[in-house]
Every structure is written in structure tokens, then in C-alpha cells.
Amino acid sequence: MDIEERDCSGGGYFVQRKVLDELCLDEVAQKRTWSTKPTLSERVKESLRCSVPRLKRTALSWVPVLSWLPYYSIRENAIGDLISGCSVGIMHLPQGMAYALLASLRPVFGLYTSLYPVLVYFIFGTSRHISVGTFAVISIMIGSVTERLAPDSNFIVNGTNQTGSVDLDARDAYRVQIACSLTVLAGIFQILLGVVRFGFVVTYLSEPLVRGYTTGSACHVCVSQLKYLFGVTPARFTGPFSLIYIIAATIITHFCGLTSKYSIDVVGEIPSGLKAPQAPNATFFSEVIGDAFAVAIVSYAINISLGKTFALKHGYKVDSNQELVALGLCNTVGSFFQCYSVTSSLSRSLVQESTGGKTQVAGVISSIIVLITVLKIGSLFSDLPKAVLSTIVFVNLKGMFMQFMDVPMLWKTNKVDLLVWLVTFTSTLLLNLDLGLAVAIGFSMLTVIFRTQVPRYSILGHVTGTALYLDTDTYKEAKEIPGIKIFRSSTTIYYANAEMYLEALQEKSGLEIGKLLTAMKKRDAKLKRKQEKEKKEAKMEAKKQRKAVSHLSNGTFSEVNERKVSAGVKGQSQGNVVALSLTETSTRGHSKGQVNRAYQNDTTMSDSDSDTGSHIFDSITQVSKPGGEKKGKACGSSTHSIILDIATTSFVDTVTVKTLKNVCVCQDLCSLTLLITCVVEQLETAGFFSESIPKSRLFVTIHDAVLHSLKKLGQTDFVLDVSCSTRM
């Protein structure tokens, strides 16, 4: 391969090489002819093979604390982790109790949730800076389930709903069982997804979706705390439009002066000591399975987004699959100790990182502070008004409400993402958290499908003095090359947009694929009928010849002697017939095959019936060229070559292959530009390449395809002037 490179003082470069199609590229780049991927049996053997290094890698992968704790530097990290741990531990106390109210649980269970899961994450987590524990969004999701399955009306004693009192102890105990069952099920989902390396599932939750969802959830959190802030206990509503009903009940309660009937509500007794572990009640699984999956996905999305943010800032890596397993273990183990679902908190994580925290040792120190509180000083919080905890929740919601500033920013940058944000926020606000999340994910997926179904199709033109080919509608200096249409799609071609791709190609290039295919089918049908007829006639003629030869050879000498004159005349006549037949057969066989001239008139008459299709095809696909040669041409236009730039295609399906094949079959000078090896392999596997569509019609650049098309047509006078001051 002759390649000449020359440096230019103007900062550009000059390259001279031959035109590269796919076959030349394989030769120049020395494409590997063997597969580097191990077979299935080899992978199974490798997975079952056990060795000391492999065992060590597996242990370090599943238990990350073993990879960094033995090398923990006390001099560099201890002071920072100690200060950070104390700061986060102090935050855990009010947040844990306040967020437990969001989950419709007693405050002490928020303290439990701030203790056990943090220790589990210390062992299995991979982020150094996030603070795992209670979080407002997850707490409100848990609360919606506990109040739906254990409403106050189910625990009325000594009267009716209007006159009786609520058995708070029985209600709270039942709600704890529900919360623990939901938590262990969410943890199981997360562990299973992590084991099968399904951590990428969170990528379907885009940043606008997560931020819109958390903002809508913050509104639910805010409304749920109004009853504690103002000291009222309105009826709790669940399901779609529940937020509106809460708000309405609060307004009625306020203006009717009902607050005078209520005294200040306080936290109440916080029992000292730790409870023995208890298995969650599996009978609730069928009722909370949908909510558990939603909690599992949302908590993981929040956790991994914060983890990757801090990892990028401090230059280390977070394993998304291991984070899924770690969070699942936090929930699973915690559920046995009366904890509810956890995730990382933005406010606590920022404090842990900003106060000098370097590792998850800070989490252990914060857990020690929570443990001391639960064991010794929990009783000091018994007279804490719930209104104070509500104000703590409101203060911690500040960051979420600041996300409303996303709206003007997205309006300027990306209106589709703005639409996702608004739909997510509105559905979460009106349809509640679980149904709102489902609507948000569905709408987000629809936007992806819509973007691929409505791509930008363009005709490319050459920019003089460069090897660039740009959209002629966007760039004034991009001029079409006479006789060549270069067509590009801005997205992958697949079954959902293949028809639109074909329609756009026909509209912009003038190539009528449907008419061409119809004409080709008629021509092929005609040729097939003709070949079958010729074959049949050849068989009949051969049969006649065999009979004639057999008849001559079977005559006896006596019969010839007796009828010498007549036999001689007859034999001469018969011999002439045989010779003529052999000659005709040989002549016709040499030209068009085994055709009997006796049937030529019939053949001509039958062929005239199907001449229409052939004439249509000839008029569409052929154009005279100097020298008498004929080349493919787009119907009724001056276009002789079509170049399909499919460099944006990342995969192909059967519909894509069929579409491209139809275009290439109809247009003799149709070329493709593609430099994605995996897509070329997919085309090969799908049987795209053949004698009619060789790999030599696939080029590495548009420029190569253009030069090839011009060379085929003999137009060597087209020269691209690429000077030293331009870029290729």
C-alpha cells in the first residue's frame, strides 16, 4: 500500500494513498481471521477453575474492604475520618428520627437504620465518600406502603372510626413488619441484579428523570410534614392525586379551627438497647413486590449517581455491580434488625467529603455515635417535638427544591430532557411515587424511540479544497458532485425507522426503489420462464434424436437390400434431418442455450407478453455512456451513483440488511461507507455480501467511495484540490 505523508508549515497535512474498500482495508490492516473470543466450553471451564490467585481476586472483588483496610494509613487518613465521622454521626441522629416519621414508623427505627446498614456498607461498598442511611425519598416511598397496608382505620378500638381510639402499639408493630418485608425483598432484588452483572440498568434512569423524580418526591415529603409542623392529624390518602387530598384536608382543618383540639406531639419514648434480630414476615411479599422493585431501583440510582460523582472528583473507580450487591446486603441484613430501605444522602455525603473524610472508616465512627445514642442517651430525645423534626426535614429538602432551577437551564440546552423532567415531576406529584416512576420511565423510553424514528436525513456535498463532505442544507460551500448522491442518516438504521430511511432516500435521490424492484422481478420471472421453456425443448429434441438414431441402428441388412432404392432415399432424407437437428442444437446451444428453432415463433410470441417489465427496467436502470457501455442510473435523473453513509449505524438487524440489499441490488453503482468492524461482521453473518454485492462496494470513507464511483465511470478529470492549509 503506497502511502505518502507530507508535513505542511500551515499546520495541515497531505496524504496520498490508494482508494480503500473493505477488501483492501483487510489486506492493509491485516485483519485477523481467527476469533479472539473463547468458546462457551472454554468459558465454563475457566469459570470452574480454582487457583489461589483467582480465589484472592474473587475475595477482593466481593469484599472490597479487604483490598484497602490492610493498607490504611493512620497518619494520612485518621484525623480526617474522625472529624468527618463525628460530623456525619451528629447528622444521623435528627435525620434518622425525622425520616422515620416519613416512613410512618417510630423515630427509634430511623436510628436503627442509621446504624446497621452503615456497618454493612463499610465491608462491601466501593465508594469512599458517600454516607448510607435514611433518605427522604426512600422514606416517603416506604411510608406510602405502610400506610396503605396498615391504615389507622384497621386498628380502631372501643368505638367506630369517628368515636374510637387507635391502638398505636399494634399499628406501629404491624407497620414495622411491612417495612421490613419490603426492605428485605428490595435487598434480594438488588443482590440478584448485582450477581448477574445488571448494574447497567440504572442507565435507563437519565439524570433529568432522577432529578425530576426526586423533586416531585420532595413535594410529597414537604406535604407529609405539614401535619407535624402545624400539629394537626388529617386523614391520610394514598394513590393517584393523594397530594391534592392532603393539602385540601389541611386547609379545611386550619380554617375550621381544629388545631385547638390537638396538643403538641412529641417523639415519645425511645427504648434503650438493641433488639434481637427477627426474620421479616414473608406473607407480605405478594403485596409489596412491585413497591420493593421500585425502591430497589430508585435507591440504587441515587446511590450510584452520588458514588460516581465523588469518584470522578477524587480519581478512583466505583464498581456499579458491586454497589448493587452492597446496597442489597445493607437492606437484607438491616431488615433483620428492624431497619427499612436505605440509600446515600446528598447532604450527609457532602459533609463527609467536605470535612476531610477519606474512607468509609468515617462511616464506622458515625455508627458508633448512633450506637451510643441508642444505648445510653436515647431517652433525652423523648420530649423532642415532632415539629422540630419536621423543620429538620424541610431544611434538608433545600437541595432538592433547588433542582427547580433545572427547568430554565434545560429550556436553553435540551428541550427533550426538559420534557422528561416535567413529565416525571408531574406524574410523581399527581400519580404518587410508584405509578409516577413507571410513567416517567415509560415516557423516557418513548423519547429514545422517537429520536431514532425521526432522525435527520441529509444529502452531503464536497467542500472544495478538503476531503470533507457536509450537509448541503447547512453549509453553503458543500456542493454536490454531479451524478453522485451521498445520503446520510443521523442515527442507526433498524426495523423501527428502516421504512422512513428508504422513503427519505427515494425523496432526496430520486431513486424509485419500488418501481425498480417490480421491474426486476418481472425481468427475472421472464428469464426464468424462458430458461425453463428452453430446457424443456432441449429435452424433447434430445429425445427425438435418440429415437431417430435408434431406428436407423435397428434396421437389418436384408431389409435394406430388399428395399435398396427406397431405403437409400429414405435414409438420406432421415440423415439430413438428424444432421440438421444436431447442427441447430449445437448452434443454439452455443448462443442462447438448447433452443429448438421449431418453437422459436412460439417463444417470441410468449416473450412479448412480458417485454413490458423488461423495458421498464431497462429504461430505469440503464443510460448510454460514451463507448456504448451502460451503467446503473437513478430513474429519470442524472444520478448514476448512490453512496450511503452508514457510519452512524452501530448494529444491524434483518430489516436493515434487507433494506440495504434492495438499494444495492437496484443501483449498480451503490456504495456504502462504514468503518465499524462489528457491524461489518454482522453484515457478513446476515448474508449481505454476495456476488452481486461484493465487499469491494464497502469503503472506509466517503472520499474513497466517491473516487471509486468516478473511476468506474471514467471521469478522471475530477480532482480534489487539498492544499497544505486545509484539513482532511
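How each quantity is defined
- Residues numbered from 1 in each chain as written.
- Predicted model: local features only at pLDDT ≥ 70, side-chain atom pairs only at ≥ 80, totals over all residues.
- Heavy atoms only, no water.
- UniProt positions renumbered as here; feature names shortened; annotations may be inferred.
- Phe/Tyr/Trp six-rings, centres within 6.5 Å; stacked < 30°, edge-to-face > 60°.
- Helix = DSSP H or I, 4+ residues; strand = E, 2+ residues; numbered from the N terminus.
- Buried < 20%, exposed > 50% of the residue type's maximum accessible area, 1.4 Å probe, protein only.
- Lys NZ or Arg CZ within 6 Å of the ring centre and 35° of its normal.
- Salt bridge = Lys/Arg side-chain N within 4 Å of Asp/Glu carboxyl O.

- Per an unreviewed UniProt entry, the recorded name for the protein is Solute carrier family 26 member 6, like 2, and the organism is Sander lucioperca.
- Looking at the protein in UniProt, the text filed under Subcellular location (unreviewed entry) is "Membrane".

1. A few points about the packing of aromatic side chains
Centre-to-centre distance and the angle between the planes together describe a pair of aromatic rings.
Phase 1: Within this structure, the stated rule accounts for 17 aromatic pairs.
Phase 2: Aromatic side chains Tyr457 and Phe487 sit 5.7 Å apart centroid to centroid with 15° between the ring planes, which places their arrangement in the stacked category. Taken together, the residues Tyr457 in strand β7 (residues 457–463) and Phe487 in strand β10 (residues 484–489) connect sequence positions 30 residues apart.
Phase 3: Relative accessible area serves as the criterion here: at 0%, Phe487 is assigned to the buried category.
Phase 4: The interplanar angle of 65° and the centroid separation of 6.0 Å between the aromatic rings of Tyr457 and Tyr501 together place this pair among those described as edge-to-face. Here Tyr457 is found in strand β7, whereas its partner Tyr501 is found in helix α22 (residues 498–509), with 44 residues between them in sequence.
Phase 5: The class of Tyr501 is buried, set by a relative accessible area of 1%.
Phase 6: Three or more aromatic residues joined by ring pairs make a cluster, and in this case those are Phe401, Phe404, Trp421 and Phe425.
Phase 7: When the ring centre of Phe689 is taken as reference, the NZ or CZ atom of Lys695 above it lies at 5.9 Å.

2. Things to note about the pattern of salt bridges
Phase 1: Summed over all chains, the structure comprises 13 salt bridges.
Phase 2: Linking Arg106 and Asp172 is a salt bridge whose minimum nitrogen-to-oxygen distance equals 2.8 Å. With Arg106 in the loop between α5 (74–102) and α6 (107–113) and Asp172 in helix α9 (residues 168–195), the pair connects residues that are 66 residues apart, well separated along the chain.
Phase 3: Salt-bridge contacts for Arg456 lead to Asp471; the nearest nitrogen and oxygen are separated by 2.5 Å. Separated by 15 residues along the polypeptide, Arg456 in the loop between α21 (433–453) and β7 and Asp471 in strand β8 (residues 469–471) bring together distant segments of the chain.
Phase 4: Take Arg456: its relative accessible area is 48%, and that puts it in the partly exposed class.
Phase 5: Judged by its relative accessible area of 8%, Asp471 falls in the buried class.
Phase 6: When salt bridges that share partners are traced, they join Arg106, Asp152, Asp169, Arg171, Asp172 and Arg175 into one network.

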